[in-house]
Amino acid sequence: VPAIFAQDGEPRFRELERQVLEQVCRGTKQVIATGGGAVVDARNRLLFSQSGVMVCLDARPETIHRRLLADAAYSDEPTLRPLLAGNDPLSRIRQLKGQRQPFYAAADWTVATDDLSLEQVVEEVLKGWRFWRPVKMAVASNDGVRSFEVATATARYPVYVGWDLLLQLRDT
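Residues numbered from 1 in each chain as written. Predicted model: local features only at pLDDT ≥ 70, side-chain atom pairs only at ≥ 80, totals over all residues. Heavy atoms only, no water.

## Focus on the overall build of the chain
Along the backbone of the chain there are 6 helices and 5 strands. For the chain, buried positions account for 24% of its 172 residues. The contacts of the chain with a sequence gap of at least 6 include a subset with a gap of at least 24, amounting to 49%. (Helix = DSSP H or I, 4+ residues; strand = E, 2+ residues; numbered from the N terminus. Buried < 20%, exposed > 50% of the residue type's maximum accessible area, 1.4 Å probe, protein only. Contact = heavy atoms within 4.5 Å.)

## Examining the pattern of salt bridges
The full count for this structure, using the stated rule, is 9 salt bridges. Salt-bridge contacts for arginine 43 lead to aspartate 41; the nearest nitrogen and oxygen are separated by 3.1 Å. Classification of aspartate 41 as buried rests on a relative accessible area of 17%. Arginine 94 is paired through a salt bridge with glutamate 62; the nearest N and O atoms lie 2.7 Å apart. Within this pair, whereas arginine 94 is found in helix α4 (residues 89-104), its partner glutamate 62 is found in helix α3 (residues 61-73), the two being separated by 32 residues in sequence. A relative accessible area of 40% means that arginine 94 is categorised as partly exposed. A single network of salt bridges, built from pairs that share partners, joins Glu10, Arg14 and Glu17. (Salt bridge = Lys/Arg side-chain N within 4 Å of Asp/Glu carboxyl O.)

## Some words on α4
In the structure, α4 departs most strongly from a straight axis at glycine 98, where the bend amounts to approximately 35° and where the proline proline 102 lies between one and four residues downstream. Along α4, the positions that sit buried rather than exposed are Pro89, Leu90, Ile93, Leu96, Lys97, Arg100 and Tyr104. Contacts from the buried residues of α4 go to α1 (2-24), β1 (55-58), α3 and β2 (109-112). (Bend = angle between axes of the 7 residues up to and from the residue.)

## So, the nonpolar core
Within the largest apolar cluster, 10 residues are counted, these being Leu21, Cys25, Ala38, Val39, Leu47, Phe48, Met54, Cys56, Tyr104 and Ala107. Once residues lying within four places of it in the same chain are set aside, the contact partners of leucine 21 are Ile32, Thr34, Ala38, Asn44, Leu47 and Phe48. One finds Phe5, Phe13, Leu68 and Leu83 within the second-largest nonpolar core, a separate group that totals 7 residues. (Core = buried A, V, L, I, M, F, W, Y, C linked by side-chain atoms within 4.5 Å.)

## What about unusual backbone geometry?
With phi around 55°, lysine 29 is a residue other than glycine that occupies positive phi space. Structurally, lysine 29 can be placed in the loop between α1 and α2 (42-51).

## Some details on the packing of α1 against α2
In the contact formed by α1 and α2, the axes pass within 10 Å of each other and the chain directions differ by 15°. With respect to α2, the axis of α1 lies roughly parallel. Note on packing geometry: the crossing formed by α1 with α2 is left-handed. For the pair α1 and α2, the contacting residues are Glu17, Arg18, Leu21 and Glu22 in the first and Arg43, Asn44, Leu47 and Phe48 in the second. (Axes fitted to C-alpha atoms, helices over the stretch in contact; angles between N-to-C directions. Parallel < 35°, antiparallel > 145°, perpendicular 65-115°, else oblique. Left-handed = near helix turned anticlockwise from the far one by under 90°.)

## Side note on a nonpolar patch on the surface
A cluster of nonpolar side chains, Leu118, Val122, Leu126 and Trp129, forms an exposed patch at the surface whose accessible area comes to about 370 Å². Along the chain, tryptophan 129 turns up in helix α5 (residues 118-138). Tryptophan 129 sits in the partly exposed class, given a relative accessible area of 41%. (Patch = residues over 30% accessible without salt bridge, like charges linked within 9 Å, V, L, I, M, F, W, Y side chains within 5 Å. Areas by Shrake-Rupley, 256 points an atom, 1.4 Å probe, with all protein chains shown as cover.)

Encoded structure:
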């Protein structure tokens, strides 16, 4: 990643990232982990939403900075991340997180990882997957209309999403 950023810049990296995501999102039964910038591209967000359950692993900027420093201590790379190069990486983390937060909010499930162990993070991710997977799998497309069934403790009912549905639904 640092080499691509250095030679070709962030736009080229994001282009390559999108190409890879287009390929891997066609697969099934897999976990795709991206960096925090992948969701900025609307095409990537669409890929994620159509491919499965999107989980955002969130943390405070200070936690992110501390973790990156710990990772750097075990790495041969001199920089933490290309976008964090400079005198004040913590401020840059705050800036990037602030800019990206609206995109992170589009996730199906968010896990605040600051005070969690790895095992606890895994459990929270699985909890979100168990919650959203049935809903995502039930969504079916029919002439631009999406429908899924909601099940509560006392009832089950369909939900339809689409344009100009009232006339179509009147006939059902």
